[in-house]
Amino acid sequence: MTVAVALAYLVAAVLFILGLIQLSSPKSARRGNQIAAVGMVIALLATIPLLHFTVAGMAITIIGLLIGVPIGAIGARRVKMTAIPQMVALFNGVGGGAAAVVAVSELLLQGSHPPFAVAFPSVFSIVIGSVSFAGSMVAFAKLQALLTGTPITYPGQQIVNGALALAIVALAVYLIAVASTPIIFVPLLILGLVLGVAFVLPIGGADMPVVISMLNAFTGLAVAASGFVLGNFALIVAGTLVGASGTLLTKLMSDAMGRSLANVLFGAFGTVTAGPAGVAGVEGRSVRSGSPEDIATLLAYSRKVIIVPGYGLAVAQGQHAVRELADELEKRGVEVEYAIHPVAGRMPGHMNVLLAEANVPYEQLKEMDQINDEFKSADVALVVGANDVVNPAARSSPGSPIYGMPILNADEAKNIVFMKRSMRPGFAGIDNELLYDPKTVMLFGDAKDSLMKLVAAVKAA
Amino acid sequence: MSENLLNEFTIFVLAIFIGFEVISKVPTILHTPLMSGTNAIHGIILVGAILIAATARDPLQIVLGLVAVILATINVVGGFVVTDRMLEMFKGRQTPTQKEKTPAPPQKEKTPG
């Protein structure tokens, strides 16, 4: 590596770090991403002097770029805002796959007895990279509803997963200590893929953001390992930065849901039976449902309305309709605010992004800590397509899977309006006591349709 | 342990600490953009993909090199663009007290690659 290349890599590494720092603050986040992109371009350009192209090598590099750039760019541009989490999963998965392929390719060059300093990181990169690839694809399938969002479990699952992990360790040890041949590292790659699938299947769809964040950290580590294999500083620094920050971020995300990471990853085993305890008491109780006109009147003559958006709003693409409703209410002098739960939707910040798209003023979006005391003074809490984030079971019922999760105090408002498609429980699969509260009125239907009806009815009121 | 490997290991350990340090305080709304931004950064694997693709000779190497370059390119380009799209949503809607050039039209970002 020449001095010039090494210095350029150093510049790229500094830009990555600066980019990450700026990404951590709302004011500078966008610039941070752009700074990191500049670092990436510098790292790629600096690599050119290291390349000794064969004719075929030149051809596949150019063809690969020509195929990859439009797929990445168009995929990222076209994806709907609601589908962004699974898109991130997809982009993460292909990165993990690339890291594994790079390690396989290098092992092929190294003959049957590579030095430990190559063999060890290669094995690491192959296993972690393929777990990340396959796991991300399952996460994608769950979020895209190609697979059910509920945990997929079967008897003996932990034993199967344990056996898979053991087989991987055995192959890895053999490769490092005895001989490195395709007969060993191809099965290693395949077992890594199988483990990735087996690992993510039992995790519920609502926990996918945390899983994607963890697989993101995995890919970072696989990339760093590939950096050791190739002796490339840029890969080591960038991959390790992502591995470390991604690990911390994963912890922050599970903290925001009021759960431990272990509970997210392995919670499906054994705890699924805990649910019915909270449900038993509410069987057969009736709920009150209202017409759009009734509810419009209630809203129009309120002093203060707090809107609690959830995933149902995103699915129905009702963000513009909800803003229209808020505008109509404000015209009549009603104070309107939005209460944003940290895990409302399918990714942290989902609701902020969604409502920002509809030009909802940023100041009206209140985080949970800011708004929770205000529900007491609100006339109506209008819950649009949310459920688990206002479920009082999180406070009161220790048997519930969401027990301990911080929730929005919608139950403290004078009236609660629930806009839901049906009585079906939310993503966590548990019943919500609040639906049966005498203060609660249900408005059944698609969130967007219901909101449009409310807008029309408020105009007429 | 060779000197080169020792250097690499030093960098690795220091980078772990920096990685932990830089994002210790992140507001919840930035969790997803940050995840997506770090996702783009590990697209640096494109450097490794091109390094192995460049010297490809036999058919197996050619296939592996091509697959690696395609996958890594999708990671890096898609990663940065989708992160920018998320953050674009926040831009200009924040309280005008910030001295950011508020009315600036959303500029088209460059896609590296």
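Think of each chain on its own: its residues are numbered from 1, step by step along the sequence as written. Chain letters and ligand numbers both follow the written order, the letters beginning at A and the numbers at 1. Owing to the predicted nature of the model, reporting of local features is limited to residues with pLDDT of at least 70; listing and counting of side-chain atom pairs is limited to 80 or more, with chain, interface and lining totals taken over all residues.

Trainee: Any chance you could explain the overall build of chain B here in plain terms?
Mentor: For chain B, the helix and strand inventory stands at four helices and zero strands. Labels follow the DSSP assignment, with helices taken as runs of H or I lasting at least four residues and strands as runs of E lasting at least two, numbered in each case from the N terminus. Listed N to C, the secondary structure of chain B is α-α-α-α in terms of helices and strands. By the convention adopted here, residues are in contact when the distance between their C-beta atoms, placed from the backbone, does not exceed 7 Å. Taking all contacts inside chain B whose residues are at least 6 apart in sequence as the whole, residues at least 24 apart take part in 65%.

Trainee: Where do I start with the sheet that holds strand 3 (residues 365–367) of chain A in this structure?
Mentor: Strand pairing in a sheet relies on backbone hydrogen bonds. The paired strands run either parallel or antiparallel. Residue and element names in this part refer to chain A. We treat two strands as partners when DSSP finds at least two bridges between them. The six strands lie next to each other as 3-2-1-4-5-6, forming an open sheet whose pairing is parallel. Each edge of the open sheet carries a strand with a single partner, namely strand 3 and strand 6 (440–444). When strand polarity is set aside, the average angle formed by the axes of neighbouring strands in this sheet is 25°. Against the sheet, helix 13 (residues 292–300) makes contact with strand 1 (304–309), strand 4 (380–384), strand 5 (415–420) and strand 6, and its axis sits at roughly 130° relative to strand 6, the strand it touches most. Interaxial angle, 0 to 180 degrees, is taken between N-to-C directions of lines fitted to C-alpha atoms, where a helix line uses only the stretch in contact.

Trainee: What exactly am I supposed to notice about the interface of chain B and chain A here?
Mentor: Tallying the contact residues gives 86 residues for chain B and 102 residues for chain A. Counting residues per element, the ones that place at least two in the side of chain B that touches chain A are helix 1 (3–22), helix 2 (31–41), helix 3 (45–54) and helix 4 (59–90) of chain B. Per-element accounting of the side of chain B that touches chain A gives the leading share, 30 residues, to helix 4 of chain B. Lys, Arg, Asp and Glu make up the charged group, whereas Ala, Val, Leu, Ile, Met, Phe, Trp, Tyr, Cys and Pro make up the nonpolar group; the residues left over, Gly among them, are polar. Classifying every residue of the side of chain B that touches chain A by side-chain character gives 50 nonpolar, 25 polar and eleven charged.

Trainee: Any chance you could explain the domain arrangement of chain A here in plain terms?
Mentor: For an interface, size is often stated in terms of accessible area lost upon the parts coming together. Residue and element names in this part refer to chain A. In this document the domain limits rely on a domain assignment from an automatic tool or a database. When cut into domains, chain A gives domain 1 (85–270) and domain 2 (285–460). The partner domain 2 presents eleven residues to the eleven residues of domain 1 that form the contact. Taken together, the residues of the side of domain 1 that touches domain 2 break down into seven nonpolar, four polar and no charged.

Trainee: So what exactly am I meant to see when it comes to the confidence of the model for chain A here?
Mentor: Should pLDDT be low for a region, the predicted coordinates there are not to be read in detail. Scored by pLDDT, chain A has a mean of 88; 95% of the residues are at 70 or more. Within a predicted model, pLDDT stands for the predictor's per-residue confidence, ranging from 0 to 100. Here residues 270–283 of chain A scores under 50 on pLDDT; set against residues more than four positions off or in separate chains, the count is 19 contacts.

Trainee: Where do I start with the pairing of strand 5 of chain A in this structure?
Mentor: Put simply, side chains in a regular strand alternate between the two faces of the sheet. Residues and elements named next belong to chain A. Partly exposed residues are those falling between the two cut-offs: more than 12 but fewer than 20 other C-beta atoms within 10 Å of their own, whereas 20 or more means buried and 12 or fewer means exposed, with C-beta atoms placed from the backbone. Burial of strand 5 is extensive: five of the six residues sit out of reach of the surface. Sheet analysis places strand 4 next to strand 5, joined by five bridges and oriented parallel. Each residue of the ladder has a partner; that of V383, found in strand 5, is F418. Pairing geometry for strand 5 and strand 6, over five bridges, is parallel. In the sheet register, I416 faces strand 6, and the bridge partner there is T440.

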